[in-house]
Amino acid sequence: MSVVRTTFLQCPSISHFSTPSSSTNPVPVKFTVSCCLVASPAAVVNVNVDKKPSERNEVRLGLPSKGRMATDTLDLLKDCQLSVRQSNPRQYVAEIPQISNLEVWFQRPKDVVRKLVSGDLDLGIVGLDIVQEYGQVRNGNDDLIIVHDSLDYGDCRLSLAIPKYGIFENINSLKELAQMPQWTPERPLRVATGFTYLGPKFMKENGLNYVTFSTADGALEAAPAMGIADAIVDLVSSGTTLRENNLKEIEGGVILESQAVLVASRKSLMQRKGVLDITHEMLERLEAHLRAGGQFTVTANMRGSSAEEVADRVLSQPSLSGLQGPTVSPVFSKRNGSVAADYYAIVICVPKQALYKSVKQLRMIGGSGVLVSPLTYIFDEETPRWRQLLSNLGL
């Protein structure tokens, strides 16, 4: 259970955004200070929370506990035949029946990463932005390994945004922002953000020397209009919320492109029994499902003199090559007491955007009885990601 203490401090108001009559009045500024983690026996039922990481035998997978990321993660796992079973929605622990000895723990995304680093979790699915903000880069080690870097949901970008009005009206790039004469040691650029590692790191790397950061959560878009910040660093998806609050992104202001990733503890992969095998199975299931996304199987019958002749006709059309080429099989029928193969069955995989064009080309070269069905999984040879993981581990 995370214990949070809230402290109110009296700070002088900022004269740039206040009237002279209020320049001496104190303004309450709210700071949220995260304290130590305290285990609560009532937080989880039927789970021994007092076990040290080195003493437990089960493998632990951390998942987001709330929001769109949580819903999309559960949907992806279900599509991979990995249904998360939670006996009580108030519990923070669940299981995936298809994988033995695997516990699922629902946590805030940043806590998933922190507990991967501490060894309380072995695997996790979170956004790349959270890994970079709270993970190995910030802690000066490489204990976390990104096993799959593109799970195809949770797409967003961590971006710097400034007002469209006032002194920023004609500022359209990071370079122009850095060159504004307004920023001095006495009057730095004030940035509101929840990303207190990535934000300052980005500013320093891009030559913005006079910058101060205030920690904030929630609706950051209101901070410039309220006069408590000049700019914000926040996650952006469509950009609609920025535009509706008269804010804009600028050229060179994207800090990080992010989406959901599968991440693992290097120490767990190397030292905890079962983690590497479970990671392999999860990676194979994820890869097979994601590889099949948007792919369709097209089957048709075609008259021909031989499998080679039919294959030559199929390959003459650019949309009919499939993943590695068409599968051509004889279709046997019995006529006048003898078995003969006058027709051949063609099976190819085509992407959704080329589906109709492929069907037309099949018909054009003599295909008939065309059947189309979506692909659910494509299991191939060991994926490059698995080979890369083993290489990273020195295996």
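- Naming follows an unreviewed UniProt entry, where the protein appears as ATP phosphoribosyltransferase of Rehmannia glutinosa.
- The record held by UniProt for the protein lists under Catalytic activity (unreviewed entry) the comment "1-(5-phospho-beta-D-ribosyl)-ATP + diphosphate = 5-phospho-alpha-D-ribose 1-diphosphate + ATP".
- Note on the protein: under the UniProt heading Pathway (unreviewed entry), the record states "Amino-acid biosynthesis; L-histidine biosynthesis; L-histidine from 5-phospho-alpha-D-ribose 1-diphosphate: step 1/9."

### Things to note about the packing of helix 1 (residues 67-79) against helix 10 (residues 275-292)
Right, on to step 1. One way to put it is that helix 1 packs onto helix 10 with a least axis distance of 9 Å and a crossing angle of 90 degrees. When the interaxial angle is binned, helix 1 and helix 10 end up roughly perpendicular. Within the contact between the two elements, helix 1 uses L76, L77 and D79 and helix 10 uses M282, L286, H289 and L290.
Right, on to step 2. Tallied by class, the residues present in the contact of helix 1 with helix 10 amount to five nonpolar, one polar and one charged.

### Quick word on the nonpolar core
Right, on to step 1. Of all hydrophobic cores here, the largest spans 37 residues; its most connected members are L160, L177, L189 and M203.
Right, on to step 2. Looking at this core, the element that brings in the most residues is helix 3 (residues 128-134), giving four residues.
Right, on to step 3. Look past the residues within four positions of L177 in its chain and what remains in contact with it is L160, I162, F168, I171, W183, L189, L208 and I250.
Right, on to step 4. In this structure, L61, L123, V275 and M282 belong to the second largest nonpolar core, which totals 33 residues.

### Focus on the sheet that holds strand 11 (residues 231-236)
Right, on to step 1. Strand order in the open sheet formed by five strands is 10-9-11-8-12, with mixed pairing between adjacent strands. If you trace the sheet from one side to the other, it starts and ends with strand 10 (211-215) and strand 12 (247-258), each paired once. Along the sheet, successive strands turn relative to each other by an average axial angle of 25 degrees, direction set aside.
Right, on to step 2. As paired strands, strand 8 (residues 156-163) and strand 11 are joined by five bridges and run antiparallel to one another. Paired with A161 across the strands is I232, a residue of strand 11.
Right, on to step 3. Taken strand by strand, helix 6 (residues 198-205) contacts strand 8, strand 9 (189-193), strand 10 and strand 12, and its axis lies near 110 degrees from that of strand 12.

### Comments concerning helix 1
Right, on to step 1. When the terminal C-alpha atoms of helix 1 are compared, their 19 Å separation across 13 residues agrees well with the 18 Å that a helix rising 1.5 Å per residue should span.
Right, on to step 2. Here helix 1 has its buried residues at A70, D72, T73, L76 and L77.
Right, on to step 3. In this structure, the buried residues of helix 1 make contact with strand 3 (59-64), strand 6 (123-127) and helix 10.

### A closer look at unusual backbone geometry
Right, on to step 1. Its identity as a non-glycine residue notwithstanding, N101 has a phi of 65 degrees, on the positive side.
Right, on to step 2. Owing to a relative accessible area of 44%, N101 belongs among the partly exposed residues under this scheme.
Right, on to step 3. The phi angle at D152 is positive, at roughly 65 degrees, despite the residue not being glycine.
Right, on to step 4. For D152, the position within the fold is in the loop between strand 7 (144-148) and strand 8.
Right, on to step 5. Take D152: its relative accessible area is 52%, and that puts it in the exposed class.

### Details of the side chain of Q317
Right, on to step 1. In this structure, Q317 sits in the loop between helix 11 (307-315) and strand 15 (327-335).
Right, on to step 2. By relative accessible area, which is 13% here, Q317 ends up buried.
Right, on to step 3. Sequence-distant contacts of Q317, defined by excluding residues within four places in its chain, comprise Q361, M364 and I365.

### Regarding the packing of aromatic side chains
Right, on to step 1. Tallying each qualifying case throughout the model produces two aromatic pairs.
Right, on to step 2. Measuring from centroid to centroid gives 6.0 Å for F168 and W183, while their planes differ by 25 degrees, and the two rings are stacked. Of the two residues, F168 sits in the loop between strand 8 and helix 5 (174-178) while W183 sits in the loop between helix 5 and strand 9, which places them 15 residues apart along the sequence.
Right, on to step 3. Judged by centre distance (6.1 Å) and plane angle (35 degrees), the ring pair of Y377 and F379 falls under tilted.
Right, on to step 4. Here Y377 falls in the partly exposed class, since its relative accessible area comes to 26%.

What counts, and where the lines are drawn
- Residues numbered from 1 in each chain as written.
- Predicted model: local features only at pLDDT ≥ 70, side-chain atom pairs only at ≥ 80, totals over all residues.
- Heavy atoms only, no water.
- UniProt positions renumbered as here; feature names shortened; annotations may be inferred.
- Axes fitted to C-alpha atoms, helices over the stretch in contact; angles between N-to-C directions.
- Helix = DSSP H or I, 4+ residues; strand = E, 2+ residues; numbered from the N terminus.
- Parallel < 35°, antiparallel > 145°, perpendicular 65-115°, else oblique.
- Contact = heavy atoms within 4.5 Å.
- Nonpolar A, V, L, I, M, F, W, Y, C, P; charged D, E, K, R; others polar.
- Core = buried A, V, L, I, M, F, W, Y, C linked by side-chain atoms within 4.5 Å.
- Buried < 20%, exposed > 50% of the residue type's maximum accessible area, 1.4 Å probe, protein only.
- Pairing = 2+ DSSP bridges.
- Expected span 1.5 Å × (residues − 1).
- Phe/Tyr/Trp six-rings, centres within 6.5 Å; stacked < 30°, edge-to-face > 60°.

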